[in-house]
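This is what each chain is made of:
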Amino acid sequence: MAAFISQRHALFALRIMVGIIMMAHGFQRLYYGTVADFGGYLDSLGLMIGTPIAWSITLFEVGAGAALALGFFQKWISLTWLLVIVPGIFLVHLPNGWYVVGPGTGGVEYSCLIVVCLLVLSTEKS
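A short note on the packing of aromatic side chains
Two measures describe an aromatic ring pair: the distance that separates the ring centres and the angle between the ring planes. Enumeration over the complete set of coordinates arrives at two aromatic pairs. Between Tyr 31 and Tyr 32, the ring centres sit 4.9 Å apart and the planes meet at 90°, which makes this aromatic pair edge-to-face. Ring geometry for Phe 72 versus Phe 73: centroids 6.5 Å apart, planes at 45°, classification tilted.

Here it is, written out as structure tokens:
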């Protein structure tokens, strides 16, 4: 049976979409001026240098998201972003359960999907 879309094109679409999602997370923090709030939240989790971490994550999301969408450093960006997402699952989302919306809010389902997408992208050559 013929495929609807080639694997190459599907991975291309996945890379662009993950890059856009990544950029959107950083841009919304910059647009709404909530980087310091994010830093304060990280401080409340006991990270002590929450604001520098928040700025680093935000700038990484914007810059690396653009680079990923354009096809640069795909493996390294994917692996590095995993270092941000996985701790976020345990520190932030897991206490809220599985669902992002619906029966619960703020859960891990979205982050788990992003982890799998990043693992797929990390195996592809840029």
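Picking up after the structure, the text goes on.
Concerning the pattern of salt bridges
Enumeration according to the criterion identifies one salt bridge in this entry. The salt bridge partner of Arg 29 is Glu 61, with a shortest N-O separation of 2.7 Å. On the criterion of sequence distance, the pair formed by Arg 29 in helix α1 (residues 7–32) and Glu 61 in helix α3 (residues 50–70) is long-range, its members being 32 residues apart. Neither residue differs from the other here; Arg 29 and Glu 61 are each classed as buried.

A closer look at the nonpolar core
Counting 16 residues, the largest nonpolar core has Val 18, Met 22, Leu 68, Ile 77, Trp 81, Ile 85 and Leu 118 as its most contacted members. Listing elements by their share of this core, those giving two or more residues are α1, α3, α4 (74–93) and α5 (109–123). Not counting residues up to four positions away in its chain, the partners in contact with Ile 77 are Met 22, Phe 60, Ala 64, Ala 67, Leu 68 and Phe 72. Counting residues in hydrophobic clusters, the runner-up holds five residues, among them Val 35, Leu 42, Ala 54 and Ile 57.

Here we look at the packing of α4 against α5
Remark: α4 packs on α5, axes separated minimally by 9 Å, with the N-to-C direction vectors making an angle of 160°. The angle between the axes of α4 and α5 places the two elements in the roughly antiparallel class. The crossing of α4 and α5 is left-handed. Mapping the contact onto sequence places Gln 74, Lys 75, Ser 78, Leu 79, Trp 81, Leu 82, Ile 85, Val 86, Ile 89 and His 93 in α4 and Ser 111, Cys 112, Ile 114, Val 115, Leu 118, Leu 119, Leu 121 and Ser 122 in α5. Its residues assigned to classes, the contact of α4 with α5 shows 12 nonpolar, five polar and one charged.

Rules of the game
Residues numbered from 1 in each chain as written. Predicted model: local features only at pLDDT ≥ 70, side-chain atom pairs only at ≥ 80, totals over all residues. Heavy atoms only, no water. Phe/Tyr/Trp six-rings, centres within 6.5 Å; stacked < 30°, edge-to-face > 60°. Salt bridge = Lys/Arg side-chain N within 4 Å of Asp/Glu carboxyl O. Helix = DSSP H or I, 4+ residues; strand = E, 2+ residues; numbered from the N terminus. Buried < 20%, exposed > 50% of the residue type's maximum accessible area, 1.4 Å probe, protein only. Core = buried A, V, L, I, M, F, W, Y, C linked by side-chain atoms within 4.5 Å. Contact = heavy atoms within 4.5 Å. Axes fitted to C-alpha atoms, helices over the stretch in contact; angles between N-to-C directions. Parallel < 35°, antiparallel > 145°, perpendicular 65-115°, else oblique. Left-handed = near helix turned anticlockwise from the far one by under 90°. Nonpolar A, V, L, I, M, F, W, Y, C, P; charged D, E, K, R; others polar.

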